[in-house]
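Results of the structural survey
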Amino acid sequence: MIPKDKLANLLPQALNETNLPLLNRQSGKVRDWYDLPDGQRLIVTTDRLSAFDMILARVPYKGQVLNQLSAWWFEQTRDIIPNHIVSLPDPNASIVRTAEPILVEVIVRGYITGVTSTALWYRYSLGERDIYGYQFPEGLKKNALLPEPIITPTTKGGATGHDERLTCSEVVEKGLLDAKTWDQVQSAALAVFKRGQEVAGKAGLVLVDTKYEFGIAADGSVALIDEVHTPDSSRFWKADSYEARFSAGEDPENFDKEFVRIAYAEKGYRGDGEIPSMPDELWASASERYIQIYEMLTGKTFEAGGYPVEERLLANLKKSGVIS
Ligand SMILES: Nc1ncnc2c1ncn2[C@@H]1O[C@H](COP(=O)(O)OP(=O)(O)O)[C@@H](O)[C@H]1O
Ligand SMILES: [Mg+2]
């Protein structure tokens, strides 16, 4: 494990953005990407950390963890569904097959939890019992295990738009996807989630819920794209303390980036108004947490890539012939 003071010292060097000599740079909240020939794309995962729909900080090694952890999960699930990965030319970068993203975010939930407007527990606590087209019984407790994982789709809101809740049948009714493809996507999502729960369980973690993105590849097949079972796209709880805490009516121990939101909430910030500034210590802890999750899930030692990232990235892209 990298000592925390070393992680804190790297904060000024964390990767904020890239300016590679490649075509058509675009960026989302966390990733930058560039067009490559032959229907491929280079995706660089930066160290940007977003929450409340904002970039809050740059966290050393976060990009590397997300890139390598996703690649690891893609490998663990490729017997279930093909994915976009072609190769990893650098710890922070993947060459992928560009796909036509489907316009639905496929969220799978194993537990009733969450406090945001699209979360199951939030809706349930408002008194709703028909949520995303599923009927929920009276008397459920927060953080309870669902009888089986369910899919709660939302529209893809994009950078600024808000995600809109959908039922599974609305996905087809609203013309977002044809019935056959949606069936395929749902089966794959549930199977990948089941695999994720098994693997997380062996690592002492509970995979609580997650978001998948699927795309249509150039050959027309459905592929898993974007990221898989990372602390950004998923909620993880510590398995050994879950039961006791649940029985006592306490929230589980989170093992994803939720603790960043909690740190803000402790300063009275929940997403509106002026955002408080946070000590470097929080971001060094975040770095430590990301690395720890990587190691727990994969069972591998995290091999820290060199900083500054962009210099190294450029050298690796030249070495692998992506940049001449
Ligand atoms: N293989 C792929 N083909 C096309 N688009 C992809 C592929 N993999 C990921 N994407 C898209 O790339 C973007 C990743 O950048 P990110 O910073 O995570 O974006 P966001 O802010 O939307 O979460 C997302 O819009 C995602 O849908
Ligand atoms: Mg994303």
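My aim in this report is to walk through the structure given alongside it, one point at a time. (Residues numbered from 1 in each chain as written. Chains lettered and ligands numbered in written order. Predicted model: local features only at pLDDT ≥ 70, side-chain atom pairs only at ≥ 80, totals over all residues. Heavy atoms only, no water.)

1. Topic: unusual backbone geometry
Following Tyr307, the chain continues into Pro308 via a peptide bond in cis, with omega recorded as 0 degrees. Note that Pro308 resides in the loop between helix 8 (280–298) and helix 9 (309–319). Its identity as a non-glycine residue notwithstanding, Tyr61 has a phi of 70 degrees, on the positive side. Along the polypeptide, Tyr61 turns up in the loop between strand 5 (54–58) and helix 2 (62–77). Its relative accessible area of 4% is what places Tyr61 among the buried residues. For Tyr132, which is not a glycine, the phi torsion comes out positive at approximately 55 degrees. (Helix = DSSP H or I, 4+ residues; strand = E, 2+ residues; numbered from the N terminus. Buried < 20%, exposed > 50% of the residue type's maximum accessible area, 1.4 Å probe, protein only.)

2. Some thoughts on the layout of surface pockets
The volume enclosed by the second largest pocket comes to roughly 240 Å³. Lining the second largest pocket we find 14 residues, and of these Tyr134, Leu146, Pro147, Glu148 and Ile150 sit closest to its centre. No other element matches strand 12 (residues 144–151), which puts 7 residues into the lining of the second largest pocket. A breakdown of the residues in the lining of the second largest pocket according to their chemical character gives 11 nonpolar, 2 polar and 1 charged. (1 Å grid on protein atoms, 1.4 Å probe; cavity = no way out; pocket = protein on both sides within 12 Å on 5 of 7 lines; lining within 4 Å. Points joined across faces, edges and corners; volume = space filled by probe spheres on them. Nonpolar A, V, L, I, M, F, W, Y, C, P; charged D, E, K, R; others polar.)

Shape is all these values report; function is a separate question.
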